[in-house]
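# Geometric and topological summary
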Amino acid sequence: MSARVGIVYDYAAENWPSMDLVGDLLVHALLGHAPQFAPERIQPRMPRLLGGWAGGAGHNADRLIGRHVAYPRWLRRHGGGRDLYHVVDHSYAQLVHSLPASRTIVTCHDLDAFRSLLQPERDPRPLWFRAMMKRVLLGLQRAAHVVCDSDTVRDELLRHRLVPESRVTTIALAAHPDFHPGPDADADAYAETLLGPPDAVDILNVGSTAPRKRIGLLLRAAAPVLAEHPRARIVRVGGPLEPEPRRLAEALGIAARIVEVPWVDRPRLAAIYRRAALVVSTSEREGFGLPLVEAMACGAPVLASALGVFREVGGSAVEYVDGDDAAAWSAALDAALTRLADPSARIAARAASLLRAQLYRVDRFAPAITAVYDRVLAEAA
């Protein structure tokens, strides 16, 4: 009989596509490559107590109540009966207190959630917030095992002595099979409806608009490049620009050269990757780099910040830019677009991306995850 594994998702109302992807990836990997485990999705609905009448503040209050009161209560009442549990998001690790900790795994994507505890001078927060995050951290520390997406995050976790080394494993996330270099008639047609014929030179940026993504740096770097490349434009997937970057785009005179795309499903996002002349990530801090993996799996060339974790993920298939100097980024952008205009250079970049993407296949990801599951089950027994 297969062991039942409860895959514990974030609330859908959180609108975190990357965390939904991690859960879906686990389910897909187990169903397709590990018949000894039977994944079961756990994702109750977030209670709507204040959000309906108190606007954004009400939604945030619902998130806090939901994460720290309603979800744990729901798990205690309805979440039992599984042999293992896997919490896909470390910022939900408070749920470990409501699960059998000796049979629960947590995936830790970065340490940003705990920055107010580890580096309070960089992230000053009120006492109530730190107390709340302390409980989340204690949940992570109680888990039977912690899986990190990268050695970069694992090393930081160990450097702060948050979890014993024996209970931490690095398992890089895989590219979901929806991200591939081949055609997809429906998704490709949607992308053309959304973006027009594939004759523009798309500089693609995928992700949230969080400050660490440095959208402003991308805009400042792209402005002179757009002037030199009349067919080029910025395509942003992940929600509209915040007011400050929008004002910056208008001041730079490039607002009309930006196409904003909401979050789309994976096949459609893959079609947008396949159209891109260049995928760019200007992030100053990341725990892994899913857009890099997705872009490479679709055969797209990538230009990224010279972060240790990006080098770990992208290797020699990705080009890197150090620091936050807009002129340096402009030069790298211009050089990349000029070079990739040559069909032979484009073919070589595509081949390098696809070769690197072989490291992030689901059939590599599944055995690594199941090895952790086997170990946790054996230790619990």
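Preceding this section is the structure that the text describes.
Description of the structure in this document. All values derive from a computational prediction rather than experimental measurement.

Rules used in this analysis
Residues numbered from 1 in each chain as written. Predicted model: local features only at pLDDT ≥ 70, side-chain atom pairs only at ≥ 80, totals over all residues. Heavy atoms only, no water. Axes fitted to C-alpha atoms, helices over the stretch in contact; angles between N-to-C directions. Helix = DSSP H or I, 4+ residues; strand = E, 2+ residues; numbered from the N terminus. Parallel < 35°, antiparallel > 145°, perpendicular 65-115°, else oblique. Contact = heavy atoms within 4.5 Å. Nonpolar A, V, L, I, M, F, W, Y, C, P; charged D, E, K, R; others polar. Pairing = 2+ DSSP bridges. Phe/Tyr/Trp six-rings, centres within 6.5 Å; stacked < 30°, edge-to-face > 60°. Buried < 20%, exposed > 50% of the residue type's maximum accessible area, 1.4 Å probe, protein only. Lys NZ or Arg CZ within 6 Å of the ring centre and 35° of its normal. Right-handed = clockwise from strand over helix to strand, strands pointing away. Patch = residues over 30% accessible without salt bridge, like charges linked within 9 Å, V, L, I, M, F, W, Y side chains within 5 Å. Areas by Shrake-Rupley, 256 points an atom, 1.4 Å probe, with all protein chains shown as cover. Salt bridge = Lys/Arg side-chain N within 4 Å of Asp/Glu carboxyl O. Lys, Arg positive; Asp, Glu negative; His and termini not counted. Charge placed at Lys NZ, Arg CZ, Asp CG, Glu CD. Polar contact = N/O pair within 3.5 Å; in protein donor to acceptor, adjacent residues only side chain to side chain.

## Examining the packing of helix α1 (residues 17-33) against helix α14 (residues 362-380)
Interaxial distance between α1 and α14 falls to 9 Å at its minimum, and their mutual angle equals 90°. Here α14 runs roughly perpendicular to α1, going by the angle between their axes. Together, L25, L26, H28, A29, L30 and H33 of α1 and V362, D363, F365, A366, I369, T370 and Y373 of α14 make up the contact between the two elements. In terms of residue class, the contact of α1 with α14 is made up of nine nonpolar, three polar and one charged.

## Describing the sheet that holds strand β2 (residues 37-42)
Overall, parallel pairing links the six strands, which are arranged β2-β1-β3-β4-β5-β6 in an open sheet. Lying at the two open borders of the sheet, with one neighbouring strand each, are β2 and β6 (168-170). The sheet shows a mean angle of 25° between the axes of neighbouring strands, direction not considered. Taken together, the three bridges between strand β3 (residues 84-87) and strand β4 (residues 104-108) define a ladder with parallel strand orientation. Residue H86 lies in a different strand from β4, and its bridge partner there is I105.

## Some remarks on the packing of aromatic side chains
Per the stated rule, a full pass over the model turns up seven aromatic pairs. Between Y11 and Y71 the ring centres are 4.9 Å apart and the planes differ by 40°, which places this aromatic pair in the tilted class. With a gap of 60 residues between them, Y11 in the loop between β1 (3-8) and α1 and Y71 in helix α2 (residues 51-78) connect regions that are remote in the sequence. Since its relative accessible area comes to 0%, Y71 is described here as buried. Across from the ring centre of Y190, 3.9 Å away, lies the NZ or CZ of R268, which sits over that ring. Sitting over the ring of Y320, R311 keeps its end group 4.6 Å from the ring centre.

## Remarks on the sheet that holds strand β8 (residues 232-237)
Pairing within the open sheet is parallel, and its six strands lie in the order β9-β8-β7-β10-β11-β12. Edge strands, defined here as strands with exactly one partner in the open sheet, are β9 (258-261) and β12 (319-321). Pairs of neighbouring strands in the sheet enclose a mean axial angle of 25°, with direction left out of account. For β8 and β9, the ladder comprises four bridges, and the chain directions are parallel. Opposite R236, over in β9, you have E260 as the bridge partner. Of the strands in this sheet, β7 (201-206), β8 and β9 are in contact with helix α6 (residues 185-195), which crosses β9 at around 130°.

## Some points on the pairing of β7
Each regular strand displays side chains that alternate between the two surfaces of the sheet. Taking burial as the measure, the six residues of β7 include six buried ones, the bulk of the element. Bridging between β7 and β8 involves six bridges; their strand directions are parallel. The residue of β8 that forms the bridge with L204 is V235. Handedness of the crossover is the feature at issue here: the chain leaves β7, passes through helix α7 (residues 215-228), returns alongside β8, and the resulting connection is right-handed. For β7 and strand β10 (residues 278-281), the ladder comprises two bridges, and the chain directions are parallel. Within β10, the residue paired with L204 across the bridge is V279.

## Quick look at unusual backbone geometry
Although it is not a glycine, N15 sits at a positive phi angle of roughly 60°. Along the chain, N15 turns up in the loop between β1 and α1. Not every positive phi belongs to a glycine, and R161 is a case in point at roughly 55°. On the secondary structure map, R161 appears in the loop between α5 (151-159) and β6. Judged by relative accessible area, R161 falls into the exposed class, the value being 77%.

## What about a positive patch on the surface?
A surface patch of like charges, here positive, comprises R73, R76, R77, R135 and R142. Of all elements in the fold, only α2 and α4 (127-142) reach the threshold of two or more residues within the positive patch. Summarising the element assignment, R73 is placed in helix α2.

## Quick look at the environment of R212
The residue R212 is located in the loop between β7 and α7 in this model. Separated by 90 residues in the primary sequence, R212 and V302 place their C-alpha atoms 18 Å from one another. Apart from the residues lying within four places of it in its own chain, the contact partners of R212 are D112, S283, E284, R285 and E286.

## A short note on the side chain of E14
On the secondary structure map, E14 appears in the loop between β1 and α1. There is a polar contact of 2.7 Å between the side chain of E14 and the side chain of Y92. In this structure, E14 is in contact with R63, R67 and Y92, ignoring residues within four places of it in sequence.

## Some words on the pairing of β3
On β3, burial covers both faces: L84 and H86 on one face and Y85 and V87 on the other are all buried. As defined by bridge partners, β1 adjoins β3 across four bridges and the pair is classed as parallel. Following the sheet pairing, I7 is matched in β3 by H86.

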